[in-house]
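Structural description and commentary
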Amino acid sequence: MKNGHWMTAKDVLRIQAFKYPDKIGAKDLYKAFTFKQWNDRTCRLANALADLGLKKGDRFAVLAYNCVEWMDFYGAAAKGGFLCVPLMFRLAPVEMEYIINHCEAKAFIVQSGADPADGKDFPWIEQVNGMKKNLTTVEHYINFELDSPSYDGYINYEQMLAKASPAEPATVVEADDIWVIMYTGGTTGLPKGVMKSHANLFSQYFIMIYDHSFNFDDCNLLVMPCCHVNSLFYSFVVTWVGGTVMAYNMVSFNPEDLIKTFADFGVTFTSLVPTHYIMMLALPDEVKAKYNLNAIKKLLCSSAPARRDTKQGVLKMFPNSSLYEAYGSTEAGIVTILKPHEQMTKLGSIGREVIGTDIIQLYDEDGSLIDKPNVVGELYSRSPQIFEQYWKDPEKTKAAMKGEYFSAGDMAMRDEDGYYTLVDRKANMIISGGENVFPSEVENCVGGHPDVKDVAVIGVPHEKWGEQVTAIIVLHEGKTMDAKAVGEWCKGKIAGFKVPKNIHFIKDEEMPRSGAGKILHRILRERFGKWADHQ
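A brief structural summary. A quick note: this is a predicted structure, and the numbers were derived from the prediction, not measured.

1. Comments concerning the layout of surface pockets
- Looking at the second largest pocket, its volume works out to about 680 Å³.
- If you trace the second largest pocket, you find 27 residues lining it, with Arg-90, Val-251, Phe-253, Gly-433 and Trp-465 closest to the centre.
- Mapped onto the lining of the second largest pocket, the elements with two or more residues apiece are helix H11 (274–281) and strand S27 (466–475).
- Grouping the amino acids of the lining of the second largest pocket by side-chain chemistry returns 15 nonpolar, 8 polar and 4 charged.

This is the structure:
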C-alpha cells in the first residue's frame, strides 16, 4: 500500500478517545474507563515499559484472571510495538515457565491483591515467587490491581502508570508488526507460540463486524478467559466500532451471576461454549424470571457441537437474541459461521466461509483436492487472518501450511449446499469446557508412571463439559493401580483440566493397534463413546 495506511489498535484507541472521550470503552464488574481514560492508560503503560528498557518487538507476559486491565495490556502492546504473551492461568507452573522462557519475556505482569468477590488473595504472587528461579529472561516483575499492596521484587502497576507519560509513544507500528503471541498446545506436548500481527487481527475484526453485526451500541462481555484467543477475537472488534468491551471477573463459572451481569450491565453480546449455555438453562425457572435478559441481541456458541434442545432453550431464554456458531482456531482466526436463520436447518454444521476469505479446500489422505460433496478431508483455509508463523519454529509453521492455506488438522466434509461439518478434531484433540487438551501431552504424563506400560487418552462426550479427558491404561504385569493414584501422579505435572477424569484399565491385548503398532484412538472412541452417539 503506497499512500494508504491501515489503522492498528494503537491508532484506533487514540481515534476513539478523540471521537468519544466520555463514552465507556472498557470496563469490568468493578471498574470502568472512558475511551479517553483507556487510551491514556495504554500510553502510560507503553511508556513505562519503554522506560524499563523494553523496545519494539520485545515480549512481556501476563498472568491474571479476567479483569479490565487486560485491555490495558493488549492496548499497551499495540502502542509500544511490544508483543503481549498471555498465560493461561489454568496451566501448571512448569508449563508457564516453559512459555515465558521460550518467548524470552523481559517483563512479567502478575495479578495481585484480593478478589473483590470473596476477599481471598489471588494466588499468583506466591506462585510466581516460586517460579522466579527458573525464569531466565525476565528482568522486571510488575504486580497489579487498583487497591493492591506493593510486594518485594515487584513494581506496583498503578504507581508506575501514575509516574509515566500519557503522551502517545513515538514508536511506529505497522499493520504487519506482531501484536500478540498466543501459545497453543502441541501434539508433541510442547506449546507453540502463534504469532498474530495487527493485520491478522484487524482484518478479522472487519470480517466479524459484518458477519456478527457489531455496532456502536454493543457491549461485549468476555466470559472466556482474557488470556484465551476467543477474548482477543471478541474484545477489540467492538472497540473498532465505538462499542464497549467488558471483562467478566468471575474466577469460576456461576450461571446465575452471569445472567445477573447481563441484566445489570446492559450486555448485548457474549461468546460461550455449550457447557455455559447448558448450565444457564438448568437454572430454576423462578431464578431465570428474576432477570430481564432483553438487552442481549446476539450470542455465539463455539468450541464444541450444540444440540438442538440446547439451541431451542437458548432462544427461548433470550427472546431478543440471535444465535451464531463459529469455527476457527488461534492460527486461522474465524473460518466459518453458521448464521441465525441456519441454526435448525443445518444442525451440527459449522456453517460456511466467513466473508473476505477464500473457499475452503479439503484434501484426502493422498493429498488430492476433494471436489465432491460429503467426502471427508483435511480442512485448509486461506484468509488475511492466517497467523504469521510459530515463534522460533519454522518447521512446524511449514508443516501447517499448504501454500497460502493453513490447516489445524481438522477433518471435515462439505454437503451439497456448501455447508461444512467437522468429523474429527486436530488429530484426536479433546475440547473440555472450552479448553483444548492434546492427548499426547496427557499420555506422556500418565505414561511416566513406572507401573504404566501403555496409555491412550481420548475425549468421551459429556453433557456439561462437552468432553471429558479419559485415559485407557495398560499396567505392567503384576502391578496394580487405581484411578486416585493416576490423579495424584498427574497433579502439578499438567494443568488440572488435563488430568483424566475417567480411568479404564484394560489388558495389553485389548489395546487396539495398527499394523505399525500405533494405538488406534478412533477404535477406542467407538468403544467408550463418540459425538455421533450424542447428536
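There's more to say after this.
2. Regarding the nonpolar core
- Judged by nonpolar contacts, the single largest core of 96 residues is most densely connected at Phe-60, Phe-108 and Phe-236.
- For Phe-236, the residues in contact, after removing those within four places along its chain, are Ala-9, Leu-13, Trp-38, Met-71, Tyr-74, Gly-75, Trp-179 and Tyr-205.
- With 25 residues, the next largest nonpolar core counts Met-246, Tyr-248, Leu-272 and Val-287 among its residues.

3. Observations concerning the packing of H11 against helix H13 (residues 308–317)
- With their axes 10 Å apart at the nearest point, H11 and H13 run at an angle of 60° to one another. Considered as vectors, H11 and H13 are oriented oblique to each other. Along this stretch, H11 crosses H13, giving a crossing that reads as left-handed. On H13, the residues touching Tyr-277, Ile-278, Met-280 and Leu-281 of H11 are Thr-310, Gly-313, Val-314 and Met-317.

4. Some thoughts on the side chain of Thr-239
- With respect to the helices, strands and loops of the structure, Thr-239 is situated in helix H9 (residues 236–239).
- By relative accessible area, Thr-239 is classed as buried at 0%.
- When sequence neighbours within four positions are dropped, the list of residues in contact with Thr-239 reads Val-12, Leu-13, Gln-16, Phe-35, Trp-38 and Val-245.

5. What about the packing of helix H1 (residues 9–19) against helix H2 (residues 35–51)?
- Between H1 and H2, the shortest axis-to-axis distance is 8 Å and the interhelical angle comes to 145°. For the element pair H1 and H2, the recorded crossing hand is left-handed. For the pair H1 and H2, contact is made by Leu-13, Arg-14, Gln-16 and Ala-17 and by Phe-35, Lys-36, Trp-38, Asn-39 and Thr-42, respectively.
- Tallied by class, the residues present in the contact of H1 with H2 amount to 4 nonpolar, 3 polar and 2 charged.

6. Describing the state of the cysteines
- Taken as a whole and judged by the stated rule, the model has 0 disulfides.
- Cys-301 takes part in no disulfide bond, and the closest cysteine sulfur to it belongs to Cys-226, at a distance of 19 Å.
- Residue Cys-301 is classed as buried on the basis of its relative accessible area, which comes to 5%.

7. Looking at the pattern of salt bridges
- Per the counting criterion, the structure on display carries 28 salt bridges.
- In this structure, Lys-56 and Asp-177 form a salt bridge, with 2.9 Å as the shortest nitrogen-oxygen distance. Note that Lys-56 is positioned in the loop between H2 and strand S3 (59–63) and Asp-177 in the loop between helix H6 (157–163) and strand S8 (178–184), a separation of 121 residues in sequence.
- Lys-56 sits in the partly exposed class, given a relative accessible area of 42%.
- Of the charged contacts in the structure, one is a salt bridge between Lys-498 and Glu-95, with a shortest N-O distance of 2.8 Å. In this pair, Lys-498 sits in the loop between helix H16 (483–490) and strand S28 (502–505) while Glu-95 sits in helix H4 (residues 93–103), placing the two residues 403 residues apart along the sequence.

8. Digging into the sheet that holds S28
- Taken in spatial order, the 3 strands line up as S26-S27-S28 in an open sheet, and their pairing is mixed. Strands with a single pairing partner mark the edges of an open sheet, and in this sheet they are strand S26 (452–462) and S28. Strand-to-strand twist across the sheet, computed as the mean angle between neighbouring axes with direction ignored, equals 25°.
- By the bridge criterion, 4 bridges tie S27 to S28 in an arrangement that is parallel. Of the residues in S28, the one forming a bridge with Thr-470 is Asn-502.

9. A word on the packing of aromatic side chains
- Inspection of the entire model under this criterion finds 27 aromatic pairs.
- A centroid spacing of 5.1 Å and a plane angle of 55° characterise the contact between Tyr-65 and Trp-124, whose relative ring orientation is tilted. Taken together, the residues Tyr-65 in the loop between S3 and helix H3 (69–80) and Trp-124 in helix H5 (residues 124–131) connect sequence positions 59 residues apart.
- Ring centres of Tyr-151 and Tyr-154 lie 6.3 Å apart, and the angle between their planes is 75°; this geometry places the pair in the edge-to-face category.
- Residue Tyr-154 is classed as buried on the basis of its relative accessible area of 9%.
- Within the aromatic cluster, the residues linked to one another by ring pairs are Tyr-20, Phe-35, Trp-38, Trp-179, Phe-216 and Phe-236.
- Sitting over the ring of Tyr-141, Lys-132 keeps its end group 4.4 Å from the ring centre.
- The ring centre of Tyr-154 lies 4.2 Å from the NZ or CZ of Lys-132, which sits over that ring.

10. As for the side chain of Arg-414
- Residue placement: Arg-414 occurs in strand S22 (residues 411–414).
- Of the buried charged residues, Arg-414 lacks a salt bridge, with Glu-353 as the closest side chain of opposite charge at 4.8 Å.
- Polar contacts involving the side chain of Arg-414 include one to the main-chain carbonyl oxygen of Ile-360, which spans 3.2 Å.
- Within the local environment of Arg-414, its side chain forms a polar contact with the side chain of Tyr-420, the two groups lying 2.7 Å apart.
- Not counting the four nearest positions on each side in its chain, Arg-414 is found in contact with Ile-359, Ile-360, Leu-362, Ile-370, Pro-373, Asn-374, Tyr-419 and Tyr-420.

Scoring rules and cut-offs
Residues numbered from 1 in each chain as written. Predicted model: local features only at pLDDT ≥ 70, side-chain atom pairs only at ≥ 80, totals over all residues. Heavy atoms only, no water. 1 Å grid on protein atoms, 1.4 Å probe; cavity = no way out; pocket = protein on both sides within 12 Å on 5 of 7 lines; lining within 4 Å. Points joined across faces, edges and corners; volume = space filled by probe spheres on them. Helix = DSSP H or I, 4+ residues; strand = E, 2+ residues; numbered from the N terminus. Nonpolar A, V, L, I, M, F, W, Y, C, P; charged D, E, K, R; others polar. Core = buried A, V, L, I, M, F, W, Y, C linked by side-chain atoms within 4.5 Å. Buried < 20%, exposed > 50% of the residue type's maximum accessible area, 1.4 Å probe, protein only. Contact = heavy atoms within 4.5 Å. Axes fitted to C-alpha atoms, helices over the stretch in contact; angles between N-to-C directions. Parallel < 35°, antiparallel > 145°, perpendicular 65-115°, else oblique. Left-handed = near helix turned anticlockwise from the far one by under 90°. Disulfide = S-S within 2.5 Å. Salt bridge = Lys/Arg side-chain N within 4 Å of Asp/Glu carboxyl O. Pairing = 2+ DSSP bridges. Phe/Tyr/Trp six-rings, centres within 6.5 Å; stacked < 30°, edge-to-face > 60°. Lys NZ or Arg CZ within 6 Å of the ring centre and 35° of its normal. Lys, Arg positive; Asp, Glu negative; His and termini not counted. Polar contact = N/O pair within 3.5 Å; in protein donor to acceptor, adjacent residues only side chain to side chain.

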